[in-house]
Amino acid sequence: MPDELVTLTIDGVPVSVPKGMLVIEAAKQAGVLVPHYCYHPGLPVAGLCRMCLVEIEKAPKLQIACATQVAEGMVVRTQSPQAKSGRMGVLELLLINHPLDCPICDQAGECELQDFTFQEGRPATRYSPDYAKRFNPVEDFGPDVLYVPNRCILCTRCVRFMEDVAKEPVLNVSERGDRAYIGIHPEGRLDHPWAGNVVDLCPVGSLLSKDFLHKARAWELDKAASICTGCSQGCNVTLDTRENVVVRVRPRPNLDVNRYFVCDHGRMNYRWMNRGDRIEAPLVRRDGDLHATDWDEAFALVASLVRGAGGKAVALVSPRASTEALFYARELLRGQEWSGAFQVVMGEEAPLAGVPNLALRAERAPNARGAELLGYSRDYAAALAAAETAAVVLVLDEPDIAVNTAGALIYVGTVLPERARDARAVLPIANVAEEEGTFVNRDGRAQRYFQAKSAPGMARPAWWVFSELVATLGEQGGGGGRVATAAEAFDRLAASVEAFRGLSYQRLGFAGASV
Ligand code: SF4
Ligand code: SF4
Ligand code: FES
């Protein structure tokens, strides 16, 4: 049954929203961001900072938009002189004890206190320059969290996250009044597997990530929508890059997958994207050694090896490869007697107790489901055994496992492991931060990721490498013909694999869709 709708007016804009919605959320639908600190859509409402004061017609005094439900015919004014003056007063109180840290604060440039003060705060303080502001030393809260109490505005987002979402209540508000600060249980640490979210939730620079400390100013960062590769949950993330280096991973909201959160394992799983020891040119074996060459010679050699195989071919693929790459790797071996398999590294499962169906999954790979849908098996040992007698063995970014084969080894990867040095050809590919593509998470949701930085040297997306090889072989059919973009590669996949039928990059958008 559709939700019952309520119509109201916010700053003169009429909106119809489901009954029971909070005014602050309804305002977003009218294109109005009501300033707020303690409110966060992923946390229980606290209604304590009073920053979201708005005028509501017929109400005797200003109301907080984060704890007031919409009503039929309601008239809300966020920009009336009374509402603005109320919020200006709240800001003045918050700033009494706030240090002038912006020039040295990691949050500067993405700080909600800075933003709202700039937007509607008083131009100057009414306090004497001699007023001694509160001072408390910086505290080490956990493996990746520092607490700078002087900047804390006591919004309690961090306390509520640990209590109601992580269900590990190690934080509280200690002391009262102007002496209050966020306390941590004397025997507790912020070492819960999802604790890093408090850093994103903190609206000011009071909770900081040690990993990101002093790495960049917010305005130096470029941002790209991506998907975490840490496990099969498929959390939506943003990759922040500075000068072509990934420096931070943060959650990107997706209410169906990860709500507003990512786990610490996923948050820290980015350094390998910046590895310097990358393969930068195609390599082919000549006179016993691997020599750098151009793509044409490499494609011609690999095509002749595949064409000449005439028998058994084995693909050992990574469940971290894009669906598009896995599809075209399969297309390359079509017509051969081929088998393909992938291996998944396993770890410990770590649920976020307060959110259903959200956990760091034991299966530490983002696209095992996609590989399965494309016909790759989980029986890696059997594939390794089959490789011994195969005429061609294609390895796509191989765990470092020895591949014994009497046939030709073709290695397609980002770095060259010692054990791939016997390869007849080595083809350099982009990593997840350097290409566009899709993964299918454990629940069968196909999700897009976008390019965040450029690939080194001649490295290209794996889907492009395989699709060029398919074109070189001149095969026709679902994967035949050259493709120029990842979107086109996905279209070919959707046209030929039943599970993906009807999907396109446009349909997937930023939130993904079920396959
Ligand atoms: S540390 Fe940050 S999130 Fe926690 S109460 Fe203070 S301002 Fe709010
Ligand atoms: S739960 Fe999995 S997908 Fe989500 S952030 Fe953690 S490692 Fe990444
Ligand atoms: S955001 Fe409404 S009271 Fe804090």
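Everything below is about the structure shown above.
None of the values given here were measured: they were computed from a predicted structure.

Q: Would you mind showing me how to read empty space enclosed by the protein here?
A: Gaps left between atoms show up when a probe the size of a water molecule is rolled over them. Scanning the model with the defined rule gives four cavities of 30 Å³ or more in all. Estimated volume of the largest cavity: approximately 220 Å³. Elements represented by at least two residues in the lining of the largest cavity include exactly α5 (197–201), β10 (207–209) and β13 (245–251). Take the lining of the largest cavity: its biggest share by element is four residues, from β13. In the lining of the largest cavity, the residues fall into nine nonpolar, three polar and eight charged. Volume-wise, the second largest cavity comes out at about 90 Å³. Along the walls of the second largest cavity sit 14 residues, with C152, C155, C158, C202 and S206 positioned nearest its centre. Grouping the amino acids of the lining of the second largest cavity by side-chain chemistry returns 11 nonpolar, two polar and one charged.

Q: Is there a simple way to explain the site of ligand 2 in this structure?
A: The immediate surroundings of ligand 2 are formed by 13 residues, with C228, C231, C235, C263 and A359 found nearest. Residue assignment for the shell around ligand 2 shows that the elements contributing at least two residues are α6 (264–267) and β19 (359–360). Here the shell around ligand 2 is built from residues that sort into eight nonpolar, five polar and no charged.

Q: Before we go on, may I ask you to explain unusual backbone geometry in this structure?
A: With the exception of glycine, most residues fall at negative phi, and the peptide bonds are largely trans. If you check the backbone angles, D11 has positive phi at about 50° while not being a glycine. Tracing the backbone through its elements, the reader meets D11 in the loop between β1 (5–10) and β2 (13–18). The phi dihedral of T156 falls on the positive side, at around 65°, and the residue is not glycine. Topologically, T156 is positioned in the loop between β7 (145–147) and α4 (157–165).

Q: What is the right way to read the packing of helix α7 (residues 295–309) against helix α11 (residues 462–473) from this model?
A: Packed helix pairs are specified by the crossing angle of their axes together with the interaxial distance, meaning the distance between the axes. Between α7 and α11, the least distance of the axes is 9 Å, while the angle of their chain directions is 65°. Relative to α11, the crossing made by α7 is right-handed. Contacts from W295, F299, V302, A303, V306 and R307 of α7 reach α11 at W464, V465, E468, L469, T472 and L473.

Q: Looking at this structure, I do not really get the pattern of salt bridges. What am I missing?
A: Any two side chains of opposite charge can pair, given that their charged atoms come close. A full pass over the atoms with the stated rule returns 36 salt bridges. R189 is paired through a salt bridge with D140; the nearest N and O atoms lie 3.7 Å apart. Placement of the pair is R189 in the loop between β9 (181–184) and α5 and D140 in strand β6 (residues 139–142), with a sequence separation of 49 residues. Assessed through its relative accessible area of 45%, D140 is described here as partly exposed. For R250, the salt bridge goes to D200, with nearest N and O atoms at 3.9 Å. You can see R250 sitting in strand β13 and its partner D200 sitting in helix α5, a full 50 residues away along the chain. Residue classification places R250 among the partly exposed positions, given a relative accessible area of 23%. Shared partners join several salt bridges into a network, and the residues in it are E110, D200, K223, D240, R248, R250 and R267.

Q: Please clarify how the site of ligand 1 should be interpreted in this entry.
A: Looking at ligand 1, there are 14 residues lining it, with C152, C155, T156, C158 and C202 nearest. Given that more than half its atoms are within 2 Å of the pocket grid, ligand 1 belongs to the second largest cavity. Across the shell around ligand 1, the residue classes break down as 11 nonpolar, two polar and one charged.

Q: I'm lost on the sheet that holds strand β20 (residues 392–396) in this one. Help?
A: To summarise the sheet geometry, strands pair through backbone hydrogen bonds and adopt either a parallel or an antiparallel arrangement. Read across the open sheet, the seven strands follow the order β15-β14-β22-β21-β20-β16-β17; overall the sheet is mixed. With one partner strand each, in any of the chains shown, β15 (289–292) and β17 (337–342) form the two edges of the open sheet. Each neighbouring strand pair of the sheet contributes to a mean axis angle of 20°, computed without reference to strand direction. Where strand β21 (residues 408–413) lies against strand β22 (residues 425–428), four bridges are found, and the strand directions are parallel.

Criteria and thresholds
- Residues numbered from 1 in each chain as written.
- Chains lettered and ligands numbered in written order.
- Predicted model: local features only at pLDDT ≥ 70, side-chain atom pairs only at ≥ 80, totals over all residues.
- Heavy atoms only, no water.
- 1 Å grid on protein atoms, 1.4 Å probe; cavity = no way out; pocket = protein on both sides within 12 Å on 5 of 7 lines; lining within 4 Å.
- Points joined across faces, edges and corners; volume = space filled by probe spheres on them.
- Helix = DSSP H or I, 4+ residues; strand = E, 2+ residues; numbered from the N terminus.
- Nonpolar A, V, L, I, M, F, W, Y, C, P; charged D, E, K, R; others polar.
- Near = heavy atom within 4 Å.
- Axes fitted to C-alpha atoms, helices over the stretch in contact; angles between N-to-C directions.
- Left-handed = near helix turned anticlockwise from the far one by under 90°.
- Contact = heavy atoms within 4.5 Å.
- Salt bridge = Lys/Arg side-chain N within 4 Å of Asp/Glu carboxyl O.
- Buried < 20%, exposed > 50% of the residue type's maximum accessible area, 1.4 Å probe, protein only.
- Sits in = over half its atoms within 2 Å of the grid points.
- Pairing = 2+ DSSP bridges.

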